[in-house]
Amino acid sequence: QELQYYTEDNVIQEDVFLKITAKGEGINGFDFSSTRMTTLDKFDFEYGRIEVRAKLPSGGGTWPAIWMLGENFPDVGWPETGEIDIMEHKGNDPDVIHGSLHLPGNFAGDAISETTTVEGVSQDFNNYTVEWSPDRILFAVNDEVYHEYENTSETPFNQPFFLILNVAMGGTFGGEVDPNFTESTMEVDYIRVYQ
């Protein structure tokens, strides 16, 4: 139920920043355009610490996400592959950051999820972090842990995962889009993986 059409035209590198911009514009039968980037078949990793420094878009209906799927996604599909949402945000809930895990039995509206409140995420850069091991998955913002999950050999979180960055519009998570929305940008300073 998302309202955007993804193009290669809504992303630029400007100075040191990667910028993904959602725009209110008619395109291919959709009312919004945006970009979704993935490292599938380019980069994946298993376990470690991933840190993304980003400033989030604003506006009702924006749904920026920095997330990961298992590299076996093309073969097994979702949610069997597993999903680690490093950061999700709703423009309609401006200062609330979500960290979630999707897997068989706990996915979509029943994901294993926690939130934290961070003031001004659309005005300032913040560090969104996941520390991932065979034993646990920790979610943090600016090194403040707000969600801890006990990982086991029974979960799909014991294989290489690849990265996805996107700004969606509307949908079941993003909600109602502000009728005055024109455009807004997610800026990424860096993505660092430590193993």
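Look up a bit, the structure's there.
Counting from 1, residues in each chain are numbered in the order their sequence is written. Local features in this predicted model are restricted to residues of pLDDT 70 or higher, and side-chain atom pairs are both shown and tallied only at a pLDDT of 80 or more, whereas totals for entire chains, interfaces and linings draw on every residue. The basis for every side-chain value is the complete set of non-hydrogen atoms in the structure, without hydrogens or water.

Let's talk about the side chain of histidine 98
Stated formally: Only DSSP runs of H or I with at least four residues qualify as helices, and only runs of E with at least two residues qualify as strands; both kinds are numbered from the N terminus onward. By definition in these notes, contact holds between two residues if any of their heavy atoms fall within 4.5 Å.
For histidine 98, the location among the structural elements is in strand 10 (residues 96-102). With residues near it in sequence (within four places) discarded, histidine 98 still touches Asp85, Ile86, Met87, Glu88, Lys90, Ser113, Glu114, Thr115, Tyr146 and Phe173.

Looking at the packing of aromatic side chains
For clarity, the cut-off: Between 30 and 60 degrees the pair is tilted, below 30 it is stacked and above 60 it is edge-to-face, where a pair is any two Phe, Tyr or Trp rings, Trp via its six-membered ring, whose centres lie within 6.5 Å. Exposure classes here rest on a 1.4 Å probe applied to the protein chains alone. A residue is buried below 20% of its type maximum, exposed above 50%, and partly exposed in between.
Applying the stated rule across the entire model yields eleven aromatic pairs. Their ring planes at 40° and their centres at 5.2 Å tell us that tryptophan 63 and phenylalanine 173 sit as a pair that is tilted. Note that tryptophan 63 is positioned in strand 8 (residues 62-70) and phenylalanine 173 in helix 2 (residues 171-174), a separation of 110 residues in sequence. As far as burial versus exposure is concerned, tryptophan 63 and phenylalanine 173 are alike and both buried. With a centroid separation of 5.2 Å and an interplanar angle of 75°, the aromatic rings of tryptophan 132 and phenylalanine 161 are classed as edge-to-face.

Quick notes on the side chain of asparagine 166
Put simply, the rule reads: Here a polar contact means two N or O atoms within 3.5 Å. Within protein one must be a hydrogen donor candidate and the other an acceptor candidate, and residues neighboring in sequence count only if both atoms are side-chain atoms.
As for its placement among the helices and strands, asparagine 166 is situated in strand 15 (residues 161-169). For asparagine 166, the side chain forms a polar contact with the side chain of tyrosine 6, separated by 2.9 Å. At 2.7 Å, the side chain of asparagine 166 and the side chain of tryptophan 67 are in polar contact. Leaving out residues up to four positions away in the same chain, asparagine 166 has contacts with Tyr6, Ile20, Thr35, Arg36, Trp63, Pro64, Ala65, Trp67 and Met186.

Here's the deal with the nonpolar core
Threshold: Definition used in this section: a nonpolar core is a set of buried Ala, Val, Leu, Ile, Met, Phe, Trp, Tyr and Cys residues joined via side-chain atoms within 4.5 Å.
Met68, Ile84, Ile97, Tyr128, Trp132, Ile137 and Phe157 are the most contacted members of the largest nonpolar core, which totals 36 residues. If you tally residues by element for this core, the top one is strand 15, at five residues. Those residues within four positions of tyrosine 128 in sequence are excluded, and the remaining contacts are Ile50, Glu51, Val52, Ala54, Leu56, Ile86, Met87, Ile97, Val121, Ala140 and Val141. Within the second largest apolar cluster, five residues are counted, among which are Ala65, Leu69, Phe162 and Ile164.

A look at the environment of glutamate 14
Structurally, glutamate 14 is set in strand 2 (residues 11-14). Sequence-wise, glutamate 14 and glutamate 187 are 173 residues apart; in three dimensions their C-alpha atoms are separated by 9.6 Å. Reaching out from glutamate 14, the side chain makes a polar contact with the side chain of lysine 19 at a distance of 2.4 Å.

Some thoughts on the layout of surface pockets
Keep this limit in mind: Of the grid points, spaced at 1 Å and generated over the protein atoms alone, those admitting a 1.4 Å probe that cannot get out make up cavities, while open sets with protein on both sides within 12 Å along at least five of seven lines make up pockets; any residue with an atom within 4 Å of a point is treated as lining. Grid points are joined across faces, edges and corners, and a volume is the space filled by probe spheres set on the points. Think of it as three bins: nonpolar holds Ala, Val, Leu, Ile, Met, Phe, Trp, Tyr, Cys and Pro, charged holds Asp, Glu, Lys and Arg, and polar takes everything else, Gly as well.
Reported here for the largest pocket is a volume of approximately 560 Å³. What lines the largest pocket is a set of 22 residues, among which Glu2, Trp63, Glu83, Glu88 and His102 lie closest to the centre. If you list the elements that add at least two residues to the lining of the largest pocket, you get strand 8, strand 9 (83-89), strand 10, strand 15 and helix 2. Its residues assigned to classes, the lining of the largest pocket shows nine nonpolar, seven polar and six charged.

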